[in-house]
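So you can see what is in the structure, the chains are spelled out below.
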Amino acid sequence: MAKEFQVTYDCADPGAQAEFWAQALGYRVQPGGSADWAAISDPDGKGPRLYFQKVQEAKTAAKNRLHLDVRSAPGLKGDERMAVLEVEAARLEALGAKRLYRLESDEVNEGIIVMTDPEENIFCLD
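Residues numbered from 1 in each chain as written. Predicted model: local features only at pLDDT ≥ 70, side-chain atom pairs only at ≥ 80, totals over all residues. Heavy atoms only, no water.

Q: Explain the pattern of salt bridges to me, and be specific about the residues and the numbers.
A: Per the stated rule, a full pass over the model turns up eight salt bridges. The residue Asp126 makes a salt bridge to Arg71 at a minimum N-O spacing of 3.3 Å. Here the residue Asp126 occupies a position in the segment after β8 (122-125), and Arg71 occupies one in the loop between β5 (68-70) and α2 (78-94), the gap between them amounting to 55 residues. A residue is classified by how much of its surface remains accessible, and Asp126, at 15% relative accessible area, is buried. With a closest N to O distance of 2.8 Å, Arg102 and Glu86 form a salt bridge. In this pair, Arg102 sits in strand β6 (residues 98-103) while Glu86 sits in helix α2, placing the two residues 16 residues apart along the sequence. Classification of Arg102 as partly exposed rests on a relative accessible area of 34%. Using a relative accessible area of 24% as the deciding quantity, one classes Glu86 as partly exposed. Sharing partners across several salt bridges, the network here consists of Glu86, Glu93, Arg99, Arg102 and Glu104. (Salt bridge = Lys/Arg side-chain N within 4 Å of Asp/Glu carboxyl O. Helix = DSSP H or I, 4+ residues; strand = E, 2+ residues; numbered from the N terminus. Buried < 20%, exposed > 50% of the residue type's maximum accessible area, 1.4 Å probe, protein only.)

This is the structure in structure tokens:
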């Protein structure tokens with residue numbers, strides 16, 4: 001039987017991270033957070049819970065070893081796919097994300113846009 005899991009982020013500002021990711025994913029901020037932690041969950045109960053915990057040390061690595069792929073254009077291909085990803089990238093930039101680069105599709109992979117959240121954690125619009 002599969003296990004439930006949550007994704008935990010170490011961060012400087014759990015509340016701000018929770019707000020960003022809740023808006024990015026269509027999740028809801030869970031009540032009861034504090035200056036030290038916050039959590040968000042899928043209102044439909046399908047996706048994993050994301051938990052944000054405050055840590056004192058700053059992020060040191062430029063590249064995450066684990067990142068989220070935000071599925072914004074599943075099933076779409078080519079120009080239509082990239083147009084949808086561009087609209088989503090603009091929405092997330094307005095929330096505080098930063099665009100790093102865009103990868104065009106090739107024989108194996110569809111195009112994606114690589115971004116960072118407000119605390120510079122890398123994620124992909126897929």
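Past the structure itself, the notes keep going.
Q: Describe the packing of aromatic side chains, naming the residues involved and giving the relevant values.
A: Within this structure, the stated rule accounts for six aromatic pairs. Centre to centre, the rings of Tyr9 and Phe52 are 5.4 Å apart; their planes meet at 20°, and the pair counts as stacked. Note that Tyr9 is positioned in strand β1 (residues 6-11) and Phe52 in strand β4 (residues 49-54), a separation of 43 residues in sequence. Like Tyr9, the residue Phe52 is buried in the burial classification. Between Phe20 and Phe123, the ring centres sit 6.3 Å apart and the planes meet at 55°, which makes this aromatic pair tilted. Residue Phe20 is found in helix α1 (residues 14-25), and its partner Phe123 is found in strand β8; the two are separated by 103 residues along the sequence. What makes Phe123 buried here is its relative accessible area of 0%. Ring pairing ties together the aromatic residues Tyr9, Phe20, Trp21, Phe52 and Phe123, which thus form one cluster. (Phe/Tyr/Trp six-rings, centres within 6.5 Å; stacked < 30°, edge-to-face > 60°.)

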